[in-house]
Amino acid sequence: QVELAESGGGAVQAGGSLRLSCAASGRTSSRYAMGWMRQAPGKEREFVAGHTWNGDSTNTVYAASVMGRFTLSREIDKNILYLQMNNLKPEDAAIYYCAAGGVLYSSGQYYPDSWGQGTQVTVSS
């Protein structure tokens, strides 16, 4: 079982920045997918960004809505995933969930095995 602990959420004004962190522990593997999903009130959970590493190459996938504003990075040896969010918009406000394992497709579809508890991101206009 993989445990995921998120941190870094908060409240910012539009145009501001936040950095989310996710630390994985338990039955972890450096080669499994990790990513972020989000869910806004009244909306379905949606993919934000994801990362895979097969030992030779990495692949990072972003949702179109965040491309160019959000940057995903990962400390593979420490099992920590980061999401740097810049130029935040009110529509980015949601609960952000760290996810791990499962299958991540280059199209942006992600079906993880494990989920974190979520961290709230609030963006005021």
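For the structure itself, consult the block above.
In this report, we go over the structure that sits alongside the text.

Overall, the coordinates contain four salt bridges when judged by the stated rule. A salt bridge links R69 to D92; the nearest nitrogen and oxygen atoms lie 2.7 Å apart. Remark: D92 occurs in the loop between β8 (80–85) and β9 (94–100) and R69 occurs in the loop between β6 (58–62) and β7 (70–75); sequence separation between them is 23 residues. Residue D92 is classed as buried on the basis of its relative accessible area of 0%. Residues K78 and E75 are paired through a salt bridge, measuring 3.6 Å at the closest nitrogen-oxygen approach. E75 gets classed as partly exposed once you look at its relative accessible area, which sits at 26%.

Read from one edge to the other, the open sheet built from four strands follows the order β1-β3-β8-β7, with strand pairing classed as antiparallel. Either end of the sheet is taken by a strand with one partner, and the two such strands are β1 (2–7) and β7. Neighbour-to-neighbour, the strand axes of the sheet open up by a mean angle of 15 degrees, direction not taken into account. By the bridge criterion, six bridges tie strand β3 (residues 18–26) to β8 in an arrangement that is antiparallel. Across the sheet, A23 pairs through a bridge with I80, a residue of β8.

Strand residues, when the strand is regular, have side chains that alternate between the two faces of the sheet. Taken together, the five bridges between strand β5 (residues 46–53) and β6 define a ladder with antiparallel strand orientation. Counted as the bridge partner of T52 is N59 from β6. Linking two consecutive strands that pair antiparallel, namely β5 and β6, is a turn of four residues; a positive phi of about 100 degrees is found at G55 within it.

What follows covers the packing of aromatic side chains. In the structure shown here, the tally under the stated rule is two aromatic pairs. Consider the rings of Y97 and W115, whose centres lie 6.3 Å apart with planes at 85 degrees: the pair is edge-to-face. Taken together, the residues Y97 in strand β9 and W115 in strand β12 (residues 114–115) connect sequence positions 18 residues apart. Summarising the aromatic geometry, the rings of Y105 and Y111 are spaced 6.2 Å apart at their centres and angled 80 degrees between planes, so their arrangement reads as edge-to-face. The class for Y105 is partly exposed, based on a relative accessible area of 41%. Its relative accessible area of 48% is what places Y111 among the partly exposed residues. For the cation-ring pair, R19 lies above Y82, with the distance from its terminal atom to the ring centre recorded as 4.0 Å. Cation over ring: R45 sits above W115, and NZ or CZ is 4.4 Å from the ring centre.

Cut-offs applied
Residues numbered from 1 in each chain as written. Predicted model: local features only at pLDDT ≥ 70, side-chain atom pairs only at ≥ 80, totals over all residues. Heavy atoms only, no water. Salt bridge = Lys/Arg side-chain N within 4 Å of Asp/Glu carboxyl O. Helix = DSSP H or I, 4+ residues; strand = E, 2+ residues; numbered from the N terminus. Buried < 20%, exposed > 50% of the residue type's maximum accessible area, 1.4 Å probe, protein only. Pairing = 2+ DSSP bridges. Axes fitted to C-alpha atoms, helices over the stretch in contact; angles between N-to-C directions. Phe/Tyr/Trp six-rings, centres within 6.5 Å; stacked < 30°, edge-to-face > 60°. Lys NZ or Arg CZ within 6 Å of the ring centre and 35° of its normal.

Any functional reading would require information beyond the geometric quantities listed.
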